[in-house]
Each structure stands twice: as C-alpha cells, then as structure tokens.
Amino acid sequence: MALGESFAGVLKAARVGAEWAWRALYADTAPDLLRYARASRAPDPEDVVGETFLRAVRGVGSFEGDERGFRAWLFTLARNRIVDEHRKLVRRRTDPLPVEVLVEIGPHADAETEAMRALAEDRIRSVLDRLTPDQRDVLLLRILGGLTIEEVATVVRKKQGAVKALQARGIAAIRDKIELGAVTL
Amino acid sequence: MSGSIGPDDGFERLLAGETPKTPEEQALGLFLEDVRGAFQAEPSLAEEAHLSAIVQAAQLLADKGEPAVRSASKADGRARHASGLPKRRRVIMKVPLMRSLAAKVVAGLVVLMSMFGGLALAGALPGQGSGEDESGVVQIQDVESNEPVETEAPETEAPETKDADDQGENQDADDQAEDVNDDQANDNQGENEDADDQGDDDQGEDADDQGENVNDDQGDDDQGENEDADDQGDNDQGEQD
C-alpha cells in the first residue's frame, strides 16, 4: 500500500512499459508474494514471483481496478502458479541440484540467524500442517498477503461465506494447537 | 469460541494491528508475529534478473517495435522457407463403427429386415403362399373317370389371379371347364356305350364269339328272320350232315 494515490499513474506508466513503474510495483508487492510462496511450500518461490510478474506484464493492458485489486490480482496469479508447480512436482521426478548451485542460491545470512529462522519456520509449519489446504491458503493470504475476506474470496474463487468458515475453522485449529503447547510463543 | 464459524473479531483486530485484549488474542497475536517473522522476504539475488526481464517484456508488448528492443538486422522479416509453412496434417482417428449399443441394435435390425424382405419378395414366407395356392387351383375333370381332378395352374398364371376380375374369370373358366366336361361327357356317352360294347367284344376275344356277335347282330337286326335263320341252320345242318 505504499503507492497510494499514485497507483493510477504508476499503472498507466507500466502499461506503456516504463521501467520505473514496474520497479515500483515490484518493490511494493514482490516481498509479500515471496513470503506467500515460501509459506505455501512452492518448489521455487523466487521463480513463482518472477513468473507472476511476467504474467502481469502480459495482462496489465486488460486489468481494471485500484491498488488493492491489483494486489489481489497478483496474488491470484501467484496462487495459480503455485498450484501448477505442485501439480508438476507430483507428475515429474526432480533432479537434485549440484552443491555449487545450492551454495550460490542458498541463504546469505549468518548461520545463527538462519538456524533460528529455520526453527521458527518449523514450528509454524507444524501448526499450519494441521490445517486443511483451503484453511491454510485462506489464513496465509490474510496474514502474509494482507488481503480482506472479499479479496481472498476472489483469489481462491470461493464465496465470502465459505472463506469466513474456512478462516474460523483454521483459527480454531490453531488455538487448539496453541493450548496444547505445540507452539512455543 | 473455538468451534464457532464466522468472522473472528479478535483475529480481525490483530490483522488490523490493534493490541490484543484477551489472553487468547494475545497468544494468537504472537502466533501471527511468528508467521510473519518465519517467512521473511530478504532481498533476493534474482530481483534484478526479474526486473530486467519484466521491463524488457513490458517494452516489447507496449511498443512492439521500439528501437531499443528492435532487432539489429535490417531485414524486413524472417527469411521465407523454401518449402513454405509446414502443411497441416490431418490425422483421422479410427473409431470402431460398432462402438455403441445403438449401432449394434440398428445393424441387427437391418440384417433382419433385409432377410425377411428377401423372403417376402421370393414368396417364401409361411403365410404368404396359401391364398395364392387356392386361387391358383384349377379344377379339371378327368376325361375317363368324369371326376374333377385338381391340378395346379401353371405358375406363370398365378400373378393374374391376384386381381378380383381375374378371379371372376377363373370362376368362369372353371364353369367353362365344367361345361366343356359336361358336353364332352354327353357327347362321349354314346361313344362310351360303343366303347363298352367294344369292351364286351374284346372281353370275348374269340373268333367264335365274334362270329356269334355277328350272328347276334344279325339276329338283332333281323329278328323276323330268325326263323329263317333257324331254318337255314337247319338246312345247313342238314347239308353238313
């Protein structure tokens, strides 16, 4: 939401291929898309972000809406891409990458920070794995994407009532898990 | 609270950035912070690569011929292949004709209809020849026994008996045949008598008998002359003696 009132001008400039406009849109949305892709266990979260913006480039001419609508549209493209990646992952066999490539694309922070983040991620995943895929998708779009109930309903192609029900059941499952002490808070 | 279905007010307040009011909301708020902290979006090495690809694609789509992205070649377009564009090949998928049950049923009906149709044309159906046989029967009386003998009409005349007029003609023909037979019988009655006589004569088959018959005939003719005959006989006897 950093663009605010300037979103209309940025979108107009992006339609004609202005580099600054696309940099602004990328800086505003890409971090949230990347976090959502990682939380959704996408095989290559950064590739999901890149493909999402390339699809946005091809379809920006026909897009109509405000900044929140553009954000929800980008999350829709990202979610479709993640679903496709999961389907491909089921169908095809993956080949392990060489060690040199893993070192190059791997984490660049210090080991302690990476270890702490890995532990926190494991704890969160242990809670999220208890949810159904739809519940997890709704909660991640709301927490990491910052989308409203209506926008999430548009992204996941469900009715608002169904999204509310999925959210309530997901929160209830998380609370049960928290009460059992599975999550160290 | 845990089993209720509907928008959670505490969850909405936490997402809006408000401070938690209850211990439950506080625990849930801590969980949300952990989620946001666990999946951080640190600067990616692929960011510049993404941006360059995005900008290049956007300029290509927006301008379609911008000098910055236009090809360096002065050629108007791609060189045409000698063989031209590849021909669109048409692949016909083989589908079995008897794939569906309806096709099998229709095929069976066609076979039955053609079979019975052929039998009907040939007149070989069981109930088809009875009427024609009756109409085709011609009653002819035997000449010798005077008894009507049923003989079948030639097959070539059978189609003519199908018409009602022809049936009447056949009846007339039967009558005529009977009339002819009657006439012939009347005419032949005398001849039959002669034939009977001849048969009687033949039954004798002796020359003597023939002679006797001749004598008888003669005697019949000349009844008044029997006496003379007798006399002659006497005379003959006398002469033979």
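Caption draft 1: How the structure looks around the overall build of chain A. Broken down by element type, chain A carries nine helices and zero strands. Partitioning the contacts of chain A with sequence separation of at least 6, the portion at a separation of at least 24 is 62%.

Caption draft 2: Local environment of unusual backbone geometry. Residue and element names in this part refer to chain A. For arginine 41, which is not glycine, the phi dihedral falls at a positive 60 degrees. Tracing the backbone shows arginine 41 in the loop between α2 (19–39) and α3 (45–59). Residue arginine 41 is classed as partly exposed on the basis of its 15 C-beta neighbours within 10 Å. Its identity as a non-glycine residue notwithstanding, arginine 157 has a phi of 60 degrees, on the positive side. Structurally, arginine 157 is set in the loop between α8 (149–156) and α9 (160–179). Take arginine 157: there are 9 C-beta atoms within 10 Å of it, and that puts it in the exposed class.

Caption draft 3: Just the interface of chain B and chain A, in detail. Facing 36 residues of chain B, the contacting portion of chain A comprises 39 residues. Within the residue set of the side of chain B that touches chain A, elements represented by two or more residues are α1 (9–15), α2 (23–38) and α3 (47–63) of chain B. Of the residues assigned to the side of chain B that touches chain A, the class counts are 22 nonpolar, nine polar and five charged.

Caption draft 4: Main features of helix α7 (residues 133–143) of chain A. Of all eleven residues in α7 of chain A, nine are buried, a share of seventy percent or more. Of all the residues in α7 of chain A, the buried ones are Gln135, Arg136, Asp137, Val138, Leu139, Leu140, Leu141, Arg142 and Ile143 of chain A.

Caption draft 5: Highlighting the confidence of the model for chain B. Residues and elements named next belong to chain B. For chain B, the average pLDDT comes to 62, and 37% of its residues sit at 70 or higher. Low pLDDT (under 50) marks residues 1–7, which in the prediction has twelve contacts with non-local residues, meaning those over four places away or in another chain. For the stretch residues 65–72, pLDDT sits under 50, and the model shows six contacts to residues farther than four places along the chain or on other chains. The ipTM assigned to the predicted complex is 0.78, against a pTM of 0.53.

Reading the values: rules and limits
- Residues numbered from 1 in each chain as written.
- Chains lettered and ligands numbered in written order.
- Predicted model: local features only at pLDDT ≥ 70, side-chain atom pairs only at ≥ 80, totals over all residues.
- Helix = DSSP H or I, 4+ residues; strand = E, 2+ residues; numbered from the N terminus.
- Contact = placed C-beta atoms within 7 Å.
- Buried ≥ 20, exposed ≤ 12 C-beta atoms within 10 Å, placed from the backbone.
- Nonpolar A, V, L, I, M, F, W, Y, C, P; charged D, E, K, R; others polar.
- pLDDT = per-residue confidence, 0-100.

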